[in-house]
Amino acid sequence: MPNGSVSGQSALSLFGMVSGTGGTTTHLLPNTGIYITMSDIKDAALVAAQAAIDETVIRYGLDTLTLGFSIQRFMFHKIFMRMLRNNISATTFNLTGAVDEPDADIFNYISILDIDNIYMLALSVMHPSGMEYSRLCVNALQTNAESNGLKCNNIISVLMNPNNMVVKHIDRILKLGKDDDEKNFVLKMLSTRQKNAVNIDDVKRYQSIIKQKENRVQLPVSDENKELYDMYAVIDIPSINKYIAAGDYALAALTDAVDALFTHDSEPVTLTVKSNRIKNVADTAVMSRYLPYIQKIVIQSLSDDTVTTIEDIDSIWQVLQQQYGDKSLASEFTIKVDKVLQQSSLTDIGIRPYVCPACNKLNDAPDGENETEIKLIPLDALNLFLEACARRIA
Ligand SMILES: [Zn+2]
């Protein structure tokens, strides 16, 4: 407890903790190297966030049920992060002295790979005695052909601590680092829980040590050019703010594309028509999901070793749209990028495989990269948070 006077969020947190009226929870963000403490989220903030979500859904003709839609994820993350930033009441990260950061925004440093951890932390703050979680069993009733595809459809409903749905791969993190010096530094970052104890240089160093070394994704080169050129994308993990900025860029670009579709309409079109056209444009823009992660595209001449890079967001966007607008062409690329992202993440969100009490069959998890690690049925943290918000203010 601080010796002296507290004010603002710290005062609320301390009062809440002592009185038992609202708690705080502290979590490690393993992809960033800091701990953050979150205070309880007020209903008014949730109502405001929900209103912003509803407005977004209506304005762009979106659907909250199909979160696969990339642009939607960007927008929902933006709304929720703006809200949750106000609930970060303490952190091990000392942002003062950041000469290049007049606003000292912590989301300029928190890795996008930790965004799910922030949602789970928020969920644990919102549900101190456990969150109700329901899941449908989709096991086939019989394994023979007569089952006609009938599914079990049993719904399990359990009270879960959101913290237990997060697996932090600490063992894997501790193996990172090329020498003892780096390994000790990583250990120090993971064990520092004192407020304001780590600075910007510490966070940057930690992030460079844990960075995935295999971050190149090969791009297709035509047969006649195979001997002449090598071409690849360099994948980089952005901060939450950089990720949201790329989302804003993609939304603006898609909106422009949609506006262009309406330029030749002689009469005003209905919202439904507009929504459908936006969806069509967005469907072809499957690559927008990957825009934040592409640091650059590198074209290397094999004959004279010259290297040309494409680094500005406009050009990368154009290239992605033109080359990968076609879904079948895109899939090879997206599988490779997804693999880099998956290998980069030092946490997973999900539940353990379980035997369904109705059909007595295992609800299994997909095999992970690493056999020694815990198997998890993956869960979408944004979706869980969206549902929890809707339930709480219903
Ligand atoms: Zn079942």
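Residues numbered from 1 in each chain as written. Predicted model: local features only at pLDDT ≥ 70, side-chain atom pairs only at ≥ 80, totals over all residues.

*Asks:* Sorry if this is basic, but what is going on with the overall build of the protein chain here?
*Replies:* Summing up its helical and strand segments, the protein chain has 12 helices and 14 strands in all. Counting the 394 residues in the protein chain, one finds 27% classified as buried. (Helix = DSSP H or I, 4+ residues; strand = E, 2+ residues; numbered from the N terminus. Buried ≥ 20, exposed ≤ 12 C-beta atoms within 10 Å, placed from the backbone.)

*Asks:* Explanation requested: the confidence of the model for the protein chain in the structure shown.
*Replies:* When pLDDT drops low, the exact placement of atoms in the prediction is not to be read closely. Looking at the protein chain, the pLDDT average stands at 84 and 83% of residues meet or exceed 70. Below a pLDDT of 50 lies the segment residues 64-68, which in the model reaches 7 contacts outside its immediate sequence neighbourhood of four places, other chains included. (pLDDT = per-residue confidence, 0-100. Contact = placed C-beta atoms within 7 Å.)

*Asks:* Hey, could you run me through helix α12 (residues 381-393) in this one?
*Replies:* Relative to the 18 Å expected for 13 residues at 1.5 Å per residue, α12 spans 19 Å between its end C-alpha atoms, a close match to the ideal helical length. Every buried residue of α12 is accounted for by Ala381, Leu384, Phe385, Leu386, Ala388 and Cys389. (Expected span 1.5 Å × (residues − 1).)

*Asks:* Help me understand helix α7 (residues 200-210), please; the structure alone is not making it clear to me.
*Replies:* In an α-helix there are 3.6 residues to a turn, and that puts residues three or four apart on one side. All of the buried residues along α7 are Val203, Tyr206 and Ile210. Seen along its axis, α7 keeps its buried residues to an arc of 65°; they face one direction. Seen from the buried face of α7, the exposed residues on the opposite side, beyond 90 degrees, are Asp201, Lys204 and Ser208. Close packing links the buried residues of α7 with β2 (34-39), α5 (170-175) and α6 (180-191). (Arc of directions from axis to C-beta.)

*Asks:* Explain the sheet that holds strand β8 (residues 229-235) to me, please; I cannot follow it from the model alone.
*Replies:* Two orientations exist for strands paired in a sheet by backbone hydrogen bonds: parallel and antiparallel. One open sheet holds the 4 strands; their spatial order is β7-β8-β9-β10, and the pairing between them is antiparallel. A single partner strand is all that each edge strand has here, and the edge strands are β7 (216-218) and β10 (307-310). Sheet twist, expressed as the mean angle between neighbouring strand axes with direction ignored, is 25°. Bridge analysis of β7 against β8 gives 3 bridges, and the strand direction is antiparallel. Residue pairing for β8: valine 217 is matched across the bridge by alanine 233. (Pairing = 2+ DSSP bridges. Axes fitted to C-alpha atoms, helices over the stretch in contact; angles between N-to-C directions.)

*Asks:* For this particular structure, what's the right way to read the environment of tyrosine 229?
*Replies:* With respect to the helices and strands, the residue tyrosine 229 is situated in strand β8. Residue tyrosine 229 is classed as partly exposed on the basis of its 15 C-beta neighbours within 10 Å. C-alpha separation for the pair tyrosine 229 and valine 307, spaced 78 residues apart in sequence, amounts to 9.7 Å. In this view, tyrosine 229 contacts Val221, Ile299, Gln300, Ser301 and Leu302; residues no more than four positions away in its chain are not counted.

*Asks:* What am I meant to see in the nonpolar core here?
*Replies:* Burial of nonpolar side chains together is a common tendency in soluble globular proteins. Counting 66 residues, the largest nonpolar core has Tyr119, Met120, Ala122, Leu123, Leu291, Ile294 and Phe385 as the members making the most contacts within it. In terms of residues, this core owes the most to one element, helix α4 (residues 115-126), which gives 8 residues. Residues contacting alanine 122, with those up to four places away along its chain left out, are Met38, Ile41, Leu84, Asn87 and Phe385. (Core = buried A, V, L, I, M, F, W, Y, C linked by C-beta atoms within 7 Å.)

*Asks:* How should the packing of α4 against α12 be read in this particular structure?
*Replies:* Relative placement of two packed helices is described by the angle separating their axes and the distance separating the axes. Look at α4 against α12: their axes get within 9 Å of each other, and the N-to-C directions meet at 30°. When the axis of α4 is compared with that of α12, the two are roughly parallel. For the pair α4 and α12, the crossing hand works out as left-handed. Here Asp116, Tyr119, Met120, Ala122, Leu123 and Met126 of α4 lie close against α12, whose contacting residues are Ala381, Leu382, Leu384, Phe385, Ala388 and Arg392. (Parallel < 35°, antiparallel > 145°, perpendicular 65-115°, else oblique. Left-handed = near helix turned anticlockwise from the far one by under 90°.)

*Asks:* Hey, could you run me through the sheet that holds β2 in this one?
*Replies:* Taken in spatial order, the 3 strands make up an open sheet running β1-β2-β3, and their pairing is antiparallel. With partners counted over all chains shown, the strands left at the sheet margins are β1 (24-29) and β3 (88-91), one partner each. Shown here is a sheet whose adjacent strand axes are inclined to one another by a mean of 25°, direction ignored. In this structure, β2 lies alongside β3, joined through 3 bridges in antiparallel fashion. Along β3, the bridge assignment pairs isoleucine 36 with threonine 91. Taken strand by strand, α4 contacts β1 and β2, and its axis lies near 160° from that of β1.

*Asks:* Honestly, the environment of asparagine 117 in this entry has me stumped. Any pointers?
*Replies:* Assignment of secondary structure puts asparagine 117 in helix α4. On the basis of neighbour count, asparagine 117 is assigned to the buried category, with 25 C-beta atoms found within 10 Å. C-alpha of asparagine 117 to C-alpha of proline 162: the two residues are 45 residues apart in sequence and 9.9 Å apart in space. Setting aside chain neighbours within four positions, we find asparagine 117 in contact with His27, Leu29, Val166 and Thr347.

*Asks:* Where do I start with unusual backbone geometry in this structure?
*Replies:* Among all residues except glycine, the phi angle is most often negative; among peptide bonds, the trans geometry is most common. With a phi close to 60°, asparagine 153 is a non-glycine residue in the positive phi region. By the secondary structure assignment, asparagine 153 is in the loop between β4 (131-136) and β5 (155-160). Located in the positive-phi region is asparagine 360, a residue other than glycine, with phi close to 60°.

*Asks:* Can you help me understand the packing of α6 against α7 in this one?
*Replies:* One can describe the packing of α6 onto α7 by two numbers: an axis separation of 10 Å at closest approach and a directional angle of 120°. One element, α6, and the other, α7, form an angle in the oblique class. The element α6 and its partner α7 pack so that their crossing is left-handed. Contacts between α6 and α7 pair Glu182, Phe185, Val186 and Met189 from the former with Asp202, Arg205, Tyr206 and Ile209 from the latter. A per-class count over the contact of α6 with α7 returns 5 nonpolar, no polar and 3 charged. (Nonpolar A, V, L, I, M, F, W, Y, C, P; charged D, E, K, R; others polar.)

*Asks:* Could you clarify how one ought to interpret the pairing of strand β9 (residues 294-301) in this entry?
*Replies:* With 7 bridges joining them, β8 and β9 adopt antiparallel strand pairing. Across the sheet, residue valine 234 finds its bridge partner in β9, namely lysine 296. One ladder, built from 4 bridges, connects β9 with β10; its direction is antiparallel. Looking across to β10, one finds that isoleucine 299 is bridged to threonine 308.

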